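So the chains spell out like this:
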Amino acid sequence: EELMDRSIVQTHRVWNSDLQTIDYVKDLETFPEKTRRKLVGKPMPVLLRIDPRLERQKLICQLGTGEPELALKAALHIHNNNNNNNNNNN
């Protein structure tokens, strides 16, 4: 699945203790009001889920982009979060 650079930059990393995965979830505040109303009481939208047991030391992430700077920002968002927090969750 291709991820959009702007969407990834607007996510935050969450440890999913039920699935033992790293989830990148989109903050509800980034959605339009109409969409937020539909999402009330539902789980936060997951844009990317990483299973450290299966994807240890490797991750292939395809980003859709039209701006090289934003693509780099999105890639670093995922890379830095996983490298800085890897020891906390596996």
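Residues numbered from 1 in each chain as written. Predicted model: local features only at pLDDT ≥ 70, side-chain atom pairs only at ≥ 80, totals over all residues. Heavy atoms only, no water.

Trainee: What exactly am I supposed to notice about the overall build of the protein here?
Mentor: In terms of helices and strands, the protein carries three helices and five strands. Reading the secondary structure of the protein in the N-to-C direction produces β-α-β-β-α-β-β-α. Taken over 90 residues, the protein has a buried fraction of 30%. Sequence-distant contacts, at least 24 apart, represent 59% of the contacts inside the protein between residues at least 6 apart. For the protein, the computed accessible surface area is about 6,400 Å², with 50% contributed by carbon and sulfur atoms. (Helix = DSSP H or I, 4+ residues; strand = E, 2+ residues; numbered from the N terminus. Buried < 20%, exposed > 50% of the residue type's maximum accessible area, 1.4 Å probe, protein only. Contact = heavy atoms within 4.5 Å. Areas by Shrake-Rupley, 256 points an atom, 1.4 Å probe, with all protein chains shown as cover.)

Trainee: Would you mind going over unusual backbone geometry with me for this structure?
Mentor: Glycine aside, residues mostly have negative phi angles, and peptide bonds mostly take the trans form. One non-glycine residue, glutamine 20, adopts positive backbone phi at about 60°. Mapping glutamine 20 onto the fold places it in the loop between strand E2 (11–16) and strand E3 (21–26).

Trainee: Hey, could you run me through the sheet that holds E3 in this one?
Mentor: The strands that make up a sheet pair up through hydrogen bonds in the backbone, lying either parallel or antiparallel. Strands sit in the order E2-E3-E4 across an open sheet of three strands; the sheet is antiparallel. Looking at which strands have only one partner, the edges of the open sheet turn out to be E2 and strand E4 (46–50). Neighbouring strand axes in the sheet, compared pairwise and without regard to direction, differ in orientation by 25° on average. Where E2 and E3 come together, six bridges link them in antiparallel fashion. Its bridge partner lying in E3, tryptophan 15 is registered against isoleucine 22. (Pairing = 2+ DSSP bridges. Axes fitted to C-alpha atoms, helices over the stretch in contact; angles between N-to-C directions.)

Trainee: Looking at this structure, how should I read the environment of arginine 53?
Mentor: If you trace the backbone, arginine 53 turns up in the loop between E4 and strand E5 (63–64). Judged by relative accessible area, which is 52%, arginine 53 ranks as exposed. With 32 residues separating them in the primary sequence, arginine 53 and threonine 21 have C-alpha atoms 8.5 Å apart. When near neighbours in sequence (up to four residues on either side) are disregarded, arginine 53 contacts Leu19 and Gln20. At 3.2 Å, the side chain of arginine 53 and the backbone oxygen of leucine 19 are in polar contact. (Polar contact = N/O pair within 3.5 Å; in protein donor to acceptor, adjacent residues only side chain to side chain.)

Trainee: Would you mind going over the side chain of serine 7 with me for this structure?
Mentor: Checked against the element boundaries, serine 7 lands in helix H1 (residues 5–9). For serine 7, a relative accessible area of 18% gives the class buried. Dropping the residues within four chain positions of it, serine 7 is found in contact with Lys26 and Leu47.

Trainee: Could you clarify how one ought to interpret the pattern of salt bridges in this entry?
Mentor: A side chain of one charge can pair with a side chain of the opposite charge if their charged atoms are brought near each other. Considering all chains together, one arrives at five salt bridges under this definition. Ionic pairing is found between glutamate 67 and arginine 6, a salt bridge with its closest N-O pair at 2.4 Å. Of the two residues, glutamate 67 sits in the loop between E5 and helix H3 (68–89) while arginine 6 sits in helix H1, which places them 61 residues apart along the sequence. With a relative accessible area of 35%, glutamate 67 lands in the partly exposed category. With a closest N to O distance of 2.5 Å, glutamate 33 and arginine 36 form a salt bridge. With glutamate 33 and arginine 36 both in helix H2 (residues 33–39) and three residues apart, this pair spans about one turn of that helix. Look at arginine 36 and you get partly exposed, because its relative accessible area is 22%. Residues joined by salt bridges that share partners form a network here, namely Glu33, Arg36 and Arg37. (Salt bridge = Lys/Arg side-chain N within 4 Å of Asp/Glu carboxyl O.)

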